[in-house]
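If you want the building blocks of each chain, they are given just below.
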Amino acid sequence: YTLDNNVLTTEQRQFYEDNGYLVIRKLVSDEDIERFRKEFLRICKREVDLPGAMIMKNEALRSQYGQSENVVNKVQDFQEDEELFRYCTLPEVLRYVECFTGPNIMAMHTMLINKLPDSDKQTFLHPMHQDLHYFPFRPATRIVCAWTAMERADQNNGCLVVQPGTHKEPLKPHGYPNREGKTNKLFHGLLDEDEKAPRVHVVMEKGDTVFFHPLLIHGSGINKTAGFRKSISCHFASSECYYIDVKNTTQEHLEKELVEMVHKKYNTTSVELR
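Every residue gets a number counted from 1 within its own chain, in the order that chain's sequence is written. Where local features are concerned, this predicted model is filtered to residues with pLDDT of at least 70; where side-chain atom pairs are given and counted, the filter is 80 or more; whole-chain, interface and lining totals use all residues. Remark: hydrogens and water are excluded; side-chain values derive from all non-hydrogen atoms of the structure.

- Going by the annotation in an unreviewed UniProt entry, the name recorded for the protein is Phytanoyl-CoA dioxygenase, peroxisomal, with Atlantisia rogersi given as the source organism.
- Under Pathway (unreviewed entry), UniProt gives the following word-for-word description of the protein: "Lipid metabolism; fatty acid metabolism." UniProt positions are given in the numbering used here, feature names are shortened, and annotations may be inferred rather than shown by experiment.

Structure below.
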């Protein structure tokens, strides 16, 4: 699961091989995080036009808060935003990414998550899932997520929860969880979750960065605090990865859902998932 390039220590390599994730402390500077935060606030206030991005909001809060960070819970696909995309080019991040993808690196998917304070409805809980479910390319071993905490993340504000070692398992069927409360569009989770599997809450400080495998089963809880829990992330892949046809796989229904969404938004009929 790792490549030999003298960046990771033997212990770090072994930890990732065994567990499917690795935390590097204080990797991203406070100064960079502050810049990302400011840009996020500008996006919330609609001071920035962001082509291609999906800005996910809790519409129920808009009448109360207007256009602000109290409403936006995710900015997805921010590659056209020069300031946020800097995250994907930070040498200190790419130095580690290369340990998993090799030297020819592509940024595939970007997100800035702003986990809002949550209620009993658990609106912003992300059920346990494997990221590979969303990716129609392989091999999985040459894909990695870099996820940086923009402030302290712990059990109170909904830190990442991982099931160590599950990166060695195959891609499992995903769908919408069967529970009360509204589920966010495309927030798929495992259909058959092993409730007894050991879990680790990945407690992180501002600037800490976790690298994890796309088959690692993970999710995040609800934010029980009055503040926000921000993180910025990018999935990277080797440019030698190749696209697959998801027909007759567990990913086929996701493609159908995306085609419907694109059809509604852009009134186009023919879409390929890539």
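1. Let's talk about the domain arrangement of the protein
Then, in step 1: Residue ranges for the domains trace back to a domain assignment, done automatically or taken from a database. What the domain assignment lists for the protein is domain 1 (10-243) and domain 2 (246-273).
Then, in step 2: On a C-alpha basis, the centres of domain 1 and domain 2 stand 23 Å from each other.
Then, in step 3: Buried area between domain 1 and domain 2, both sides added, is near 970 Å², and the carbon and sulfur share of it is 62%.
Then, in step 4: Defined here as a combined quantity, buried area equals the accessible surface (1.4 Å probe) lost by two parts on assembly, summed across both. Looking at the side of domain 1 facing domain 2, the largest losses of area belong to His133, Pro136 and Leu186, adding up to 41% of the total buried there.
Then, in step 5: Salt bridge, as used here, is a side-chain nitrogen of Lys or Arg placed within 4 Å of a carboxyl oxygen of Asp or Glu. In this structure, the connection of domain 1 to domain 2 is made through zero salt bridges.
Then, in step 6: For this analysis, a polar contact is any N or O atom pair within 3.5 Å, provided that within protein one partner can donate a hydrogen and the other can accept it, and provided that sequence-adjacent residues contribute only side-chain to side-chain pairs. Inspection of the domain 1/domain 2 interface yields seven residue pairs in polar contact (both at pLDDT 80 or more).

2. Thoughts on the pairing of strand β13 (residues 217-220)
Then, in step 1: Exposed residues in this analysis have more than 50% of their type's maximum accessible area, buried residues have under 20%, and partly exposed residues fall in between, with area computed by a 1.4 Å probe over protein chains only. Only DSSP runs of H or I covering at least 4 residues are called helices, and only runs of E covering at least 2 are called strands; the numbering of each starts at the N terminus. Of the two faces of β13, the one holding Ile217 and Gly219 and the one holding His218 and Ser220 are both buried throughout.
Then, in step 2: Two strands pair when backbone bridges link them, and strand β5 (residues 126-129) and β13 are joined in this way by two bridges, in the antiparallel orientation. Considered in β13, the bridge of His126 is made with Ser220.
Then, in step 3: In terms of strand pairing, strand β8 (residues 160-163) meets β13 through four bridges, oriented antiparallel. Residue pairing in the sheet places Val162 in a bridge with His218 of β13. Strands pair, by our definition, only if DSSP identifies at least two bridges between them.

3. Details of helix α6 (residues 252-266)
Residues lying three or four places apart along an α-helix face the same way, a consequence of the helix completing one turn every 3.6 residues.
Then, in step 1: Between its first and last C-alpha atoms α6 spans 21 Å; for 15 residues at 1.5 Å apiece the expected length is 21 Å, and the two agree.
Then, in step 2: The set of residues buried in α6 consists of Glu252, Leu254, Glu255 and Glu257.
Then, in step 3: Of the residues trailing α6, Asn267 is marked for its positive phi of about 50°. A helix's residues, less one, multiplied by 1.5 Å, set its expected span.

4. Considerations on the sheet that holds strand β11 (residues 200-202)
Then, in step 1: The sheet built from four strands is open, its strands ordered β5-β13-β8-β11 with antiparallel pairing. Lying at the two open borders of the sheet, with one neighbouring strand each, are β5 and β11. Averaged over all adjacent pairs, the angle separating strand axes in this sheet is 20°, with direction ignored. Each axis is a line fitted through C-alpha atoms, and for a helix only the stretch in contact is used; angles between axes span 0 to 180 degrees, taken between their N-to-C directions.

5. Focus: the pattern of salt bridges
Then, in step 1: Tallied over the entire structure, the rule returns 16 salt bridges.
Then, in step 2: Across the pair Glu151 and Arg37 runs a salt bridge whose closest N-O atoms are separated by 3.7 Å. Taken together, the positions of Glu151 in the loop between β7 (143-149) and β8 and Arg37 in helix α2 (residues 30-44) put the pair 114 residues apart, joining distant regions of the chain. No difference in accessibility class separates Glu151 from Arg37, as the two residues are buried.
Then, in step 3: Several salt bridges share partner residues, and in doing so they unite Asp32, Arg35, Glu83 and Arg86 into one network.

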